[in-house]
Amino acid sequence: MSSLNALAVSMFTCKHATLFNTTELLNMISAANFAPYKPLFEQNYIDGPTFIQLTEDHLTGMGMPVGHAMHMIGGLNSLLTPTIPTTLKKGPLLIQLAAVVTEVFNIDETRFEFQCAFTILMHWTDPNMFSDCRGRGDTLNEGGCKYLWRPKLKFLNVREESEKFNVMGEFLWNVRETQTVVYQINYEAKLSSPMSFVEFPQDTQELPISFAIREDVGLRTQVRFHELSSSLNHAIASHGKREDKDTMNGWTLAGTRIEEKPYLDADINRIAGESGPLRETIEKLKSFYESNNMDADIQEVNTFSSATVYVIANRTSTFYVLNYIVIVCLLTALGSVVFFISPKQLDARASISLTLMLALNVFQVLLGEFMPKTSYLTPMHQFVLISTFFVATTLGESLISHLLDKRAESRSAVVRRLQRLALEDSDEDSDKGVDTERPNSSAPTDSTNEESPSTGNASNLPPYIPRDSNTQVSPTPNSWTNAITKSSNEKKGKSVKKIIRSKARIQLLLIETFIEKHIDKTFLYGYPIIYAIYTTLCFHFWEYERK
């Protein structure tokens, strides 16, 4: 029946066999070497539309041998099987494609997936059509629609295809006058998507819907998507303009974009490696193609046309600002309360700081529940972490202030004790002075025995102690001078060291006293100011990065 197939294909640009009348059908049968059976077709008034409905039972019932009947039905099926439309123009069949995203929901950042509903509308020219088609759903394989070629799609990033990938509806119709075909498919699917959280909570994600022409349909050199367009359904495209309606949880849809690119099902060159049986086979095929002046690009054998629709989704950062960032700011600002409490009450100040740190850690846990484990800190995580460090500084300041206060109390206690001892000594000295100045009336006085020191009375001189000339040697003037100088230098060096140490201690004491006096006041004013500056810079930086 190969001759019948060749004849049918050659007549596509003129008139299809299914449109023949009885005379034209008999001429085609004669040309296909089935001339002995022309009377059977003529007697049964079989024309083109009737011919395509024949079965083997019909032909054998008409008197045709079983072998010839099977041969003719096999050729008829080959003739009626839809194939890629061929035209007189060179190049692949170009399919115009439009994608409309009707719904996006369940964007799961932790599993890097999302669910969506969308419609794909394809349009192409088919000069081979010979029947009218107005089909939907199950009727696409009935009547004239089963003879009409249509592309089959393969989705590249689908997940759980058996459960979460559904064809919600199919529509196929053609216009024979213009030789055009329109094919619409409605899908609902769960798809995987790479995501970036570098700008969280003001991040924008591009959620891909990727599909390609199936391998059994045609290569990219035969069928290619062309003149692509994409859009959002009006119901979800208007989101964000009406404040009283929400269509998505935590996201707003900003738009879509679409692009066509080649899809390589299997990189044979990479799989084959540099040597081995597969590499040898590939080289032989290349040599064969090149010897016959044919294209030897092995990649094209596995390259198909694909299209990707990117749904641009913006996270609703207002939710995170009001429910997370504002609360974190308030908790961090409450840390300045400890500076109003006396440094002596370390337990009260520490309990406030630890409670605030625990509250901020709860926010970290909440963020970790709905965010993936990334190798980098998102701006939101950085903000909460640095806010926790701010609160931790209040705990450190409370401890330092408490220690300085205790040292100040110790110094005050020593000073008070020394003052008390000094007062006691002064009281004793005053009592002794009164006793020595009081005259003794009972002691007799002898004016004749009193002599002034100027008279040189021997009784007033110290007693003479004789020296033994055998045991003691009078020192020389040089030895006395050296000894006195050495002793004086040693005392002077020790005094200088003591003075230096005393000055250093006094300077440290002054610095410590100054810090102890001003540390709480400095933190009371500096803590909220620095944190306010940091928060302002964060918001400004986030807004700048978003623009």
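The model shown is predicted, which means the values in this text are computed figures rather than measured ones.

Parameters at a glance
- Residues numbered from 1 in each chain as written.
- Predicted model: local features only at pLDDT ≥ 70, side-chain atom pairs only at ≥ 80, totals over all residues.
- Heavy atoms only, no water.
- 1 Å grid on protein atoms, 1.4 Å probe; cavity = no way out; pocket = protein on both sides within 12 Å on 5 of 7 lines; lining within 4 Å.
- Points joined across faces, edges and corners; volume = space filled by probe spheres on them.
- Helix = DSSP H or I, 4+ residues; strand = E, 2+ residues; numbered from the N terminus.
- Nonpolar A, V, L, I, M, F, W, Y, C, P; charged D, E, K, R; others polar.
- Buried < 20%, exposed > 50% of the residue type's maximum accessible area, 1.4 Å probe, protein only.
- Arc of directions from axis to C-beta.
- Core = buried A, V, L, I, M, F, W, Y, C linked by side-chain atoms within 4.5 Å.
- Contact = heavy atoms within 4.5 Å.
- Disulfide = S-S within 2.5 Å.

**Comments concerning the layout of surface pockets**
Right, so step 1: A volume near 350 Å³ is recorded for the second largest pocket.
Right, so step 2: Every residue lining the second largest pocket is counted, 18 residues in all, and those nearest its centre are Glu109, Asn249, Gly250, Trp251 and Tyr320.
Right, so step 3: Of all the elements in the fold, those that place two or more residues in the lining of the second largest pocket are strand S1 (93–108) and helix H11 (317–333).
Right, so step 4: Residues of the lining of the second largest pocket, tallied by class, amount to nine nonpolar, six polar and three charged.

**Regarding helix H2 (residues 22–31)**
Right, so step 1: Considered for burial, the residues of H2 that qualify are Leu25, Leu26, Met28 and Ile29. Buried residues of H2 fall within an arc of 160° about the axis and therefore sit on the same side.
Right, so step 2: Looking one or two residues past H2, Asn33 carries a phi angle of roughly 65°, positive in sign.

**Thoughts on the nonpolar core**
Right, so step 1: If you look at the biggest cluster of nonpolar residues, it comprises 73 residues, and the most contacted ones within it are Val104, Met122, Ile209 and Phe211.
Right, so step 2: Ranked by the residues each element gives to this core, the list is headed by S1, at seven residues.
Right, so step 3: Sequence-distant contacts of Phe211, that is, excluding residues within four places in its chain, are made with Leu97, Ile120, Leu153, Lys154, Phe155, Leu156, Phe225, Ser306, Ala307 and Val309.
Right, so step 4: Membership of the second largest hydrophobic core comes to 25 residues, among which are Phe41, Ile46, Leu59 and Met72.

**Digging into the state of the cysteines**
Right, so step 1: According to the stated counting rule, one finds one disulfide in the structure shown.
Right, so step 2: Paired through a disulfide, Cys133 and Cys145 show a sulfur-sulfur distance of 1.8 Å. The sign of the S-S torsion, about 100°, decides the handedness of the disulfide formed by Cys133 and Cys145: right-handed. With Cys133 in the loop between strand S2 (113–125) and strand S3 (134–136) and Cys145 in the loop between S3 and strand S4 (153–155), the pair connects residues that are 12 residues apart, well separated along the chain.

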